[in-house]
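# Tertiary structure, described
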Amino acid sequence: MMKKLTAVILAASLGARMKTEIPKVLHKIGSRSMLDLVVANFKKNGIEKIVVVVGYKAEKIEAECKEKLIFVKQTELLGSGNALLTALPEVDENSADILVTCGDTPLITGETFASIIKEHNIHKASCTVLTTKTSEPESYGRVIRD
């Protein structure tokens, strides 16, 4: 049996910097939520199994999601690593790899995900990380490259 790719979307955070009661992933870009856009970019790559880690206002996120997804709840918001651990029971042995992104990254296109998947497979990598350079990195998690 061919192994498939499982996607995990981290969507549990409070979104404190946004200063809103609306879960961050439900904020709209045009007429669609950030979460819907991320899911659409995964689906463009044929990814069928998508696990969404929810926490803050989990019920609202689940209720407003239009796609068939697997939701797991991170009961204590202990960061991204813990959120991914929360999702792992939903990743079965038929998953070759796990593609992880945050739910507030709707501008990462389906084409970018396709490129990451392709490079990962070409190099038979254990882990592939996408980073970017920004003029104001202070409020983000950072990867120091050099």
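Everything here concerns the structure above.
Residues numbered from 1 in each chain as written. Predicted model: local features only at pLDDT ≥ 70, side-chain atom pairs only at ≥ 80, totals over all residues. Heavy atoms only, no water.

### Examining the side chain of H120
Our working definition: Helix and strand assignments come from DSSP, with helices taken as H or I runs of at least 4 residues and strands as E runs of at least 2, each series counted from the N terminus. In this scheme, a residue with accessible area under 20% of its type's maximum is buried, one over 50% is exposed, and one in between is partly exposed, where area comes from a 1.4 Å probe on protein chains only. The contact rule is simple, with two residues in contact once any of their heavy atoms fall within 4.5 Å.
Relative to the elements of secondary structure, H120 occurs in helix α4 (residues 110-122). Residue class for H120 comes out buried when judged on its relative accessible area of 11%. Setting aside chain neighbours within four positions, we find H120 in contact with D97, A125, S126, C127 and T128.

### What about α4?
Inclusion rule: The span expected for a helix works out to 1.5 Å for each residue beyond the first. Directions drawn from the helix axis to the C-beta atoms are what define this arc.
Taking 1.5 Å of rise per residue, 13 residues should cover 18 Å, and α4 covers 18 Å from first to last C-alpha, within 8% of that figure. Of all the positions in α4, only G110, F113, I116 and H120 are classed as buried. Buried residues of α4, viewed axially, fall in a sector of 120°; they line one side. Of the exposed residues in α4, those oriented more than 90 degrees away from the buried face are E111 and K118. Of the surrounding secondary structure, the elements contacted by the buried residues of α4 are α1 (34-43) and β6 (95-102). Within two residues after α4, K124 carries a phi angle of roughly 45°, on the positive side.

### Here's the deal with the packing of aromatic side chains
The condition is simple: Note on aromatic contacts: the rings of Phe and Tyr and the six-membered ring of Trp form a pair at centre separations within 6.5 Å, being stacked when their planes are under 30 degrees apart, edge-to-face when over 60 apart, and tilted otherwise.
Counted according to the given criterion, the structure contains 1 aromatic pair. With 4.8 Å between their ring centres and 45° between their planes, F42 and F113 make a pair best called tilted. Linking F42 in helix α1 with F113 in helix α4, this pair joins segments that are 71 residues apart in sequence. Given the relative accessible area of 0%, F42 is considered buried. On the accessibility criterion, F113 (2% relative accessible area) is buried.

### Focus: the pattern of salt bridges
The cut-off we apply is this: We count a salt bridge whenever a side-chain nitrogen from Lys or Arg sits within 4 Å of a carboxyl oxygen from Asp or Glu.
On inspection of all chains with the given rule, the structure shows 5 salt bridges. In this structure, K4 and E48 form a salt bridge, with 3.7 Å as the shortest nitrogen-oxygen distance. Of this pair, K4 sits in strand β1 (residues 4-11) while E48 sits in the loop between α1 and β4 (49-54), placing them 44 residues apart in sequence. For E48, a relative accessible area of 59% gives the class exposed. As a salt-bridge pair, K73 and E59 come within 3.6 Å of each other at their nearest N and O atoms. Taken together, the positions of K73 in strand β5 (residues 70-73) and E59 in helix α2 (residues 58-64) put the pair 14 residues apart, joining distant regions of the chain. In this structure K73 comes out as partly exposed when scored by relative accessible area, which is 43%.

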